[in-house]
Amino acid sequence: ITNDFGAGNPVSSSVISPTVDWSAATTTSTPDASLTNRSFGVRWVGFVRPSRAQQYTFHMSMPQSDSASPHIERVKLWVDNSIVIQQWSSLAASAPSGTIAFGRGNGYYDIQALYKCSSSGTTSCGYALLWESTVSGVANLDTSKSRIRSDRLFQRLDVPNMPSGLHVQPAVTCGSESTTYSPGLTLATAGVDSSFTIQSKDAYENVREDTSAAFTLSVHGSGGTPVYAGAVIADAPSTQAKYTASFNLQNAKGYEVFVKHGNDNIKGSPFSLVVKPAWSCGTKSTVQGTGLTASALSPAKSAFTIQARDMYGNTRTQGSPAGSAYV
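Notes on the structure in this doc start here. Since we're looking at a predicted model, the values are computed, not measured.

Okay, the overall build of the chain next. For the chain, the helix and strand inventory stands at 0 helices and 22 strands. Of all 327 residues assigned to the chain, the portion counted as buried reaches 39%. Long-range pairs, those at least 24 residues apart, make up 66% of the contacts in the chain with a sequence separation of at least 6. Summed over all atoms, the accessible surface of the chain reaches about 17800 Å², with 51% contributed by carbon and sulfur.

So, on to unusual backbone geometry. Of note, the amide linkage connecting Ser 269 to Pro 270 takes the cis form, showing an omega dihedral of 5°. Position of Pro 270 relative to the elements: it lies in the loop between strand 19 (264-265) and strand 20 (271-276). If you check the backbone angles, Asn 106 has positive phi at about 60° while not being a glycine. In this structure, Asn 106 sits in the loop between strand 7 (97-101) and strand 8 (109-118). Here Asn 106 falls in the partly exposed class, since its relative accessible area comes to 34%. Located in the positive-phi region is Glu 205, a residue other than glycine, with phi close to 70°. For Glu 205, the location among the structural elements is in the loop between strand 14 (194-199) and strand 15 (215-220).

As for its position among the elements, Lys 242 is in strand 17 (residues 242-247). Residue classification places Lys 242 among the partly exposed residues on the basis of a relative accessible area of 24%. Note: C-alpha distance between Lys 242 and Glu 209 (33 residues apart in sequence) is 8.5 Å. Lys 242 has contacts with Tyr 181, Thr 197, Ile 198, Gln 199, Thr 211, Ala 234 and Asp 235, leaving out every residue within four places of it along the chain.

This part is about the pattern of salt bridges. Side chains that differ in sign of charge can pair as their charged atoms come close. Under the defined criterion, the tally for this structure stands at 6 salt bridges. Here Asp 151 makes a salt bridge to Arg 149, at a shortest N to O gap of 2.9 Å. Under the relative-accessibility criterion, Asp 151 is labelled partly exposed at 41%. The closest approach of N and O atoms between Glu 205 and Lys 267, which form a salt bridge, is 3.6 Å. Residue Glu 205 is located in the loop between strand 14 and strand 15, and its partner Lys 267 is located in the loop between strand 19 and strand 20; the two are separated by 62 residues in the primary sequence. Assessed through its relative accessible area of 46%, Glu 205 is described here as partly exposed. A relative accessible area of 38% places Lys 267 in the partly exposed class. Counted as one network, the salt bridges with shared partners bring together Glu 177, Glu 205 and Lys 267.

To continue, consider the side chain of Thr 57. If you trace the backbone, Thr 57 turns up in strand 4 (residues 55-61). Using a relative accessible area of 18% as the deciding quantity, one classes Thr 57 as buried. Within polar-contact distance, the side chain of Thr 57 engages the side chain of Thr 99 at 2.8 Å. Excluding residues within four positions of it along the chain, Thr 57 makes contact with Ser 97, Gly 98, Thr 99, Leu 130, Trp 131 and Glu 132.

The rules behind the values
Residues numbered from 1 in each chain as written. Predicted model: local features only at pLDDT ≥ 70, side-chain atom pairs only at ≥ 80, totals over all residues. Heavy atoms only, no water. Helix = DSSP H or I, 4+ residues; strand = E, 2+ residues; numbered from the N terminus. Buried < 20%, exposed > 50% of the residue type's maximum accessible area, 1.4 Å probe, protein only. Contact = heavy atoms within 4.5 Å. Areas by Shrake-Rupley, 256 points an atom, 1.4 Å probe, with all protein chains shown as cover. Salt bridge = Lys/Arg side-chain N within 4 Å of Asp/Glu carboxyl O. Polar contact = N/O pair within 3.5 Å; in protein donor to acceptor, adjacent residues only side chain to side chain.

Dropping the structure here:
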């Protein structure tokens, strides 16, 4: 990320900073050796690359501007050409913050920051640009509050005389607009793997292109008790962000299927699912009736009942197909 120093005309420019961090400041030090005046300003210009398509909160930590000293620092931060932190006329906190949503994971977004220190020489200035993202609630998918690493900040190099164009990316994933489809979502067979497809969309129903969002699948039985947590796996990269959700249930009955992005149900969730019995299984089928153990006097007939069941003990609700009759 590139920074420019100076009060008035820059005295040092095009300096490459791997991170935005001068938290080890002292009353006698400045971010650049060419700065002899303790009152100075800094401008950073570059790109930031979030790993996930979700909301991030940016913090400009200025630990020297605490209650023990006057707020002598000011800061402004733009991300993706939107003002995120505006503390230029006054400083309301020593760590102002702002939140923005990114529509594409591992995309490159413009970032620009202004910082100034008005020190008399008896106080020091210091800063560090931090970020965090805890939207998904999944530890390995979130970013804890920390300094933005150098591998997530990039220098801006403008290519002259290049044609310009505009490509509008989809916004971040919106659970309530994302959709799903497949018969496996509403009808399944006991013991047989079932699956359906989730299509990730933003709040404007634009189809998302990357699969950095996290969806969850849970199946609830009677009384709303969760009985099964299914798997949701991102499909191979393509122009549409699709996910395959799968489950396998052995009890034949009705269920509710919840598909969520974060804490939000996707469109139509929860869905009604019916699991039907599998094929008849002889070792699980049962018989009842006195005719099985005591024969009637002639000419009366002895009789008993056979209850067809599948291999999981579910009662069959339809007759067995031809060729599989009981004898």
